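Fold and contact review
Letter by letter, the chains look like this.
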Amino acid sequence: MKFETTNGPLAEQQADALLLVAQTNNQLIGAASDIDTALDGQLQSALSSVGFSGKSGTVAVLPTLGRLPAARVVVAGLGEPSDLTIDGIRSAWGAAARKAREAGARSIASDAPPSMFGPAGIRAAVEGARLGLYQHRIYRSEQNENGDVESITFAGVDEPEQLVAGGQLADGICLARDLVNAPGLDLYPERLAGRAWEMADELGLECTVYDRAALQEMGAGAIVAVGQGSKREPRLIHLVYRPDGESLGVAGFVGKAITFDTGGVNLKPPDGMRNMKMDMAGGAAVIGAMRAIAEMKPSYTVHGVIAAAENMPSHSAFRPGDVLKTLSGKTVEITNTDAEGRLVLADALTFTARQGAEFMIDLATLTGASVVAVGNSAASLFGTDDALAQDVLQAAEFSGERMWRMPLWDDYRRDLDSDIADIVNSGNRDGGAIKAALFLREFTHGVPWVHLDIAGPAWSTKEEGYRIKCGTGFGTHTLATLLEQRARG
Ligand code: BES
Ligand code: MN
Ligand code: ZN
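Since this is a predicted model, take the numbers as computed values, not measurements.

Calculation rules
- Residues numbered from 1 in each chain as written.
- Chains lettered and ligands numbered in written order.
- Predicted model: local features only at pLDDT ≥ 70, side-chain atom pairs only at ≥ 80, totals over all residues.
- Heavy atoms only, no water.
- Helix = DSSP H or I, 4+ residues; strand = E, 2+ residues; numbered from the N terminus.
- Buried < 20%, exposed > 50% of the residue type's maximum accessible area, 1.4 Å probe, protein only.
- Lys, Arg positive; Asp, Glu negative; His and termini not counted.
- Salt bridge = Lys/Arg side-chain N within 4 Å of Asp/Glu carboxyl O.
- Contact = heavy atoms within 4.5 Å.
- Pairing = 2+ DSSP bridges.
- Axes fitted to C-alpha atoms, helices over the stretch in contact; angles between N-to-C directions.
- Parallel < 35°, antiparallel > 145°, perpendicular 65-115°, else oblique.
- Left-handed = near helix turned anticlockwise from the far one by under 90°.
- Arc of directions from axis to C-beta.
- Domains from an automatic or database assignment.
- Buried area = accessible area lost by both parts, 1.4 Å probe.
- Phe/Tyr/Trp six-rings, centres within 6.5 Å; stacked < 30°, edge-to-face > 60°.

1. A look at the side chain of aspartate 36
Along the polypeptide, aspartate 36 turns up in helix H1 (residues 31–38). Despite its burial, aspartate 36 pairs with no opposite charge, the nearest such side chain being arginine 67 at 9.4 Å. With residues near it in sequence (within four places) discarded, aspartate 36 still touches Leu28, Gly41, Gln42, Leu43 and Gln44.

Next up, the structure:
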């Protein structure tokens, strides 16, 4: 799909659909209001007659009945002017572009987003449209039931670099979605490493992949143990982006990538296992972010480290009571094989700290307890560094990714004391997300660190705006935005 700009008026565009916007009380804005005037107010009255009032989240499709070169108009509601956010722009363009596709449009000409957000608004509209049109079709035998939108042209917009940036971010998020949506049968650690490698090769990132033997040799006993129940062996994937010019700092992004989580010997019940192909969403977000970063080129050195393993029960699986030696040298007594994410992350965090990361952010579908605490649409954020935590929250706010800071209470750490080793991998159930974070903190080696438990928002069961069902790509946008904002100072 291509994005273009034109300086011609929107009303004259020869497209399958014109994308317009309106605010509450059916207030047509921008080109929509010009078109309404040219049609003697008939657009306004047609919208009213189909019950459209400009509420956010609503979209109306109307035929133009030969009054305009375009076949139809798609009008997206932006809601109350005072409630409008940059993410509201993404949502409106996402929902409208999808409706246009449903109506059969292949080419869309779009109004410019409200000028209050400046160039960022155009970028958001591009992101929203591309993400809203995302489809994962490779497992369908019937292709293209609605056809695909091939082009979106923004009229009266002269910001081609914003179109490019929006496309680059959306490409990273779509890659993350593709990876999360891929079934465990097809996307096991070796394949995930292959996908990361291909991306790195295409965009000029460094990529090193450590296989089981190399991990054993390195001393990454936790990744090896989690992966040992599966015929599909574990991998540690290390991507590096280096800026052409000056580097303002060294970032470490770390992702949990359990390509399927059965729970291991502590097997999950069926309902709890149903969607566990998504348990690599943290790793997918890191790969997606590395893709966006490779194209957007911020002035930071970035290490992307993805710990990939499949958690299976078998004769060779690790078991409760086993003691593992992690890459850090610390030992862990296994109390529950289903608390596997924190194990692979322990090694990945140590590895990343050793690369010289000046701050680390990990993303993981780590605990059901995070979903209980903050619900499905938000990530729990934990951090040892207030400035970093604030920066991540600010990037998340801009990115439309909901995050909520949670505490790291030292006394809860006692619940992780082991009778035989340095720490257990799982305590009792209460405060489960906090205790998982406290476990991870043991492996951060004093490097400023933020942990994002994305167990809820990594997967969606509903379609709304640019957010679609299944893998969401959550986290990708915030990571890429964080470096952009930090580089800007
Ligand atoms: N991958 C799961 C967490 C999860 C749950 C992600 C629901 C997405 C949706 C993780 O490996 C896990 O099994 N966590 C356990 C931890 C427990 C054994 C301490 C959990 O949350 O029950
Ligand atoms: Mn698990
Ligand atoms: Zn898991």
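2. A word on the sheet that holds strand S13 (residues 331–333)
The three strands are arranged S12-S13-S17 in an open sheet whose pairing can be described as mixed. Either end of the sheet is taken by a strand with one partner, and the two such strands are strand S12 (323–325) and strand S17 (423–424). Taken together, the three bridges between S12 and S13 define a ladder with antiparallel strand orientation. Bridge assignment links lysine 325 to a residue of S13, and that residue is threonine 331.

3. Side note on the packing of helix H5 (residues 160–181) against helix H6 (residues 189–203)
Where H5 meets H6, the closest approach of the two axes is 12 Å, and the angle between their N-to-C directions is 160°. Relative to H6, the element H5 is oriented roughly antiparallel. Handedness of the crossing formed by H5 with H6: right-handed. In this structure, H5 uses Leu175, Asp178 and Leu179 to contact H6, whose residues at the interface are Leu192, Arg195 and Met199.

4. Focus on the pairing of strand S4 (residues 59–63)
Only one face of S4 is covered, namely the one carrying Ala60 and Leu62; the face carrying Val59, Val61 and Pro63 has none of its residues buried. Where S4 meets strand S5 (residues 72–77), five bridges bridge the pair, whose relative direction is antiparallel. The residue bridging proline 63 from the neighbouring strand is arginine 72, located in S5.

5. Things to note about H1
All buried positions along H1 are accounted for by Ala31, Ala32, Ile35 and Asp36. The arc enclosing the buried residues of H1, seen along the axis, measures out at 140°, which places them on a common side. Those residues of H1 that are exposed and angled more than 90 degrees off the buried face are Asp34, Thr37 and Ala38. Trailing H1 by a residue or two, aspartate 40 shows a phi angle of about 55°, which is positive.

6. Quick look at the environment of glycine 475
Relative to the helices and strands, glycine 475 is located in the loop between strand S20 (470–471) and helix H15 (476–488). Glycine 475 gets classed as buried once you look at its relative accessible area, which sits at 0%. Distance in space between the C-alpha atoms of glycine 475 and isoleucine 173 is 8.6 Å, their sequence separation being 302 residues. When neighbours within four sequence positions are excluded, glycine 475 is seen to be in contact with Ala285, Leu363 and Glu401.

7. Section: the sheet that holds strand S8 (residues 206–210)
Taken in spatial order, the eight strands of this open sheet run S8-S9-S11-S10-S14-S18-S15-S16, and their pairing is mixed. Strands with a single pairing partner mark the edges of an open sheet, and in this sheet they are S8 and strand S16 (402–405). Averaged over neighbouring strand pairs, the angle between their axes works out to 20° when direction is ignored. Two strands pair when backbone bridges link them, and S8 and strand S9 (residues 235–241) are joined in this way by five bridges, in the antiparallel orientation. Looking across to S9, one finds that valine 209 is bridged to isoleucine 237. Relative to strand S10 (residues 250–261), helix H10 (residues 281–296) is tilted by about 140°, and along the sheet it contacts S9, S10, strand S11 (301–311) and strand S14 (359–364). Against the sheet, H15 touches S10, S11, S14 and S16, its axis set at about 160° to S14.

8. As for the domain arrangement of the protein
Examined at the domain level, the protein breaks down into domain 1 (2–133) and domain 2 (183–488). Once you take the C-alpha centre of each, domain 1 and domain 2 turn out to be 39 Å apart. On the side of domain 2, 13 residues touch domain 1, which itself brings 13 residues to the contact. When domain 1 packs against domain 2, close to 970 Å² is buried across both sides, 50% of that on carbon and sulfur atoms. Broken down residue by residue, the surface that domain 1 buries against domain 2 is led by Arg90, Arg98 and Arg123, which jointly contribute 48%. Linking domain 1 to domain 2 there are three salt bridges. A salt bridge links aspartate 87 to arginine 467, with the nearest nitrogen and oxygen atoms 3.0 Å apart.

9. Here's the deal with the packing of aromatic side chains
Evaluation of the coordinates by the stated rule reveals five aromatic pairs. Seen from their ring centres, tyrosine 210 and phenylalanine 351 are 5.6 Å apart, and the 70° between their planes marks the pair as edge-to-face. Of this pair, tyrosine 210 sits in strand S8 while phenylalanine 351 sits in helix H11 (residues 341–354), placing them 141 residues apart in sequence. Note on phenylalanine 351: relative accessible area 6%, which makes it buried. On the basis of an interplanar angle of 80° and a centroid distance of 6.3 Å, the ring pair of tyrosine 300 and phenylalanine 359 is categorised as edge-to-face. Of this pair, tyrosine 300 sits in the loop between H10 and S11 while phenylalanine 359 sits in strand S14, and the two are 59 residues apart along the sequence.

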